[in-house]
Amino acid sequence: MATHPPTPSQTVGPFYGYALPFPRGGEVAPCGHPDTITLHGYVYDGAGQPVPDALIETWQPAPDGSRAGAAGSLRRDPVTGQVVGRDGVAFTGFGRVPTDTDGHWAVRTLPPGGVSYISLAVFARGLLHHLYTRAYVVDEPGDALLASLDPERRGTLIARSESPRTYRFDIRLQGAGETVFLDFAGCADSAPEPS
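The structure reproduced in this document is the subject of the present report. Note on numbering: residues in each chain are counted from 1, in written sequence order. Residue-level local features of this predicted model are given only where pLDDT is at least 70; pairs of side-chain atoms are given and counted only at 80 or more, and the full residue set underlies all totals for whole chains, interfaces and linings. Side-chain numbers come from the whole structure's heavy atoms, not from hydrogens or water.

Some words on empty space enclosed by the protein
To be explicit about the condition: Site definitions follow a grid-based scheme: protein atoms alone, a 1 Å grid, a 1.4 Å probe that fits but cannot get out for cavities, and for pockets an open set with protein on both sides within 12 Å along at least five of seven lines, plus lining residues having an atom within 4 Å of a point. Grid points are joined across faces, edges and corners, and a volume is the space filled by probe spheres set on the points. Polar here means any residue outside two lists: the nonpolar Ala, Val, Leu, Ile, Met, Phe, Trp, Tyr, Cys and Pro, and the charged Asp, Glu, Lys and Arg; Gly therefore counts as polar.
Under the counting rule described, the total for this entry stands at one cavity of 30 Å³ or more. A volume near 40 Å³ is recorded for the largest cavity. In this structure, the largest cavity is lined by R24, E27, A29, P30, C31, R86, G88, V89 and A90. Its residues placed into classes, the lining of the largest cavity shows five nonpolar, one polar and three charged.

Structure below.
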């Protein structure tokens, strides 16, 4: 029997705006919660141009440090089967938002407990595999990842405080000021290494 090499990866998209976002995907914090923070920014390509069809996913622990989250991000209408999104009450720890025509994205969430960052995955045209990074809302001196990077690279992981409870985190896919991305391939028993 002949064996064949696996089919190579292909780029996907740009169709994220059609299939993956869901209603209120960026509203991770319960409606009206007094501790809500906004994390937002732009996604830029290697030429410094905004990427209008990327998708950003966020994951984080709850303010008390728990990681279980609550079910409910992708609730469906029991009659139509349509995705109706969040219930506006439960904190799930998960967000998913597309970039707009200017490459902008925004998530309203609660401060993460037990860590000083929110984990992100970036999906975009031209990427064979999505990219992982972190947005630190606090420049944590004792953090092992931050301590392993030179100051210029470390700066690509720090979200800038713009106003009370609002942080800006731009993602540069390549080129000058490229965001530090994490490689989780084959490291089930070891800590992720920055790439």
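What about the packing of aromatic side chains?
Selection criterion: Only Phe, Tyr and Trp rings take part, Trp by its six-membered ring, and two of them pair if their centres are within 6.5 Å. Stacked means planes under 30 degrees apart, edge-to-face means over 60, and tilted covers everything else. Residue burial is assigned from relative accessible area. The probe radius is 1.4 Å, only protein chains are included, and a residue is buried under 20% of its type maximum, exposed over 50%, and partly exposed in between. In this description a helix means any DSSP run of H or I spanning at least four residues, a strand means any run of E spanning at least two, and both kinds are numbered starting from the N terminus.
One pass over the full model with this rule turns up three aromatic pairs. Ring centres of Y42 and Y44 lie 6.1 Å apart, and the angle between their planes is 25 degrees; on these two criteria the pair is classed as stacked. A relative accessible area of 23% means that Y42 is categorised as partly exposed. Geometrically, the ring pair formed by Y117 and Y136 is tilted, given 5.2 Å between the ring centres and 55 degrees between the ring planes. In this pair, Y117 sits in strand β5 (residues 117–123) while Y136 sits in strand β6 (residues 131–136), placing the two residues 19 residues apart along the sequence. Y136 shares its class with Y117; the two are buried.

Topic: unusual backbone geometry
Backbone geometry at R165 places phi at a positive 70 degrees, although glycine is not the residue there. Counting through the fold element by element, R165 comes out in the loop between β7 (160–163) and β8 (166–168).

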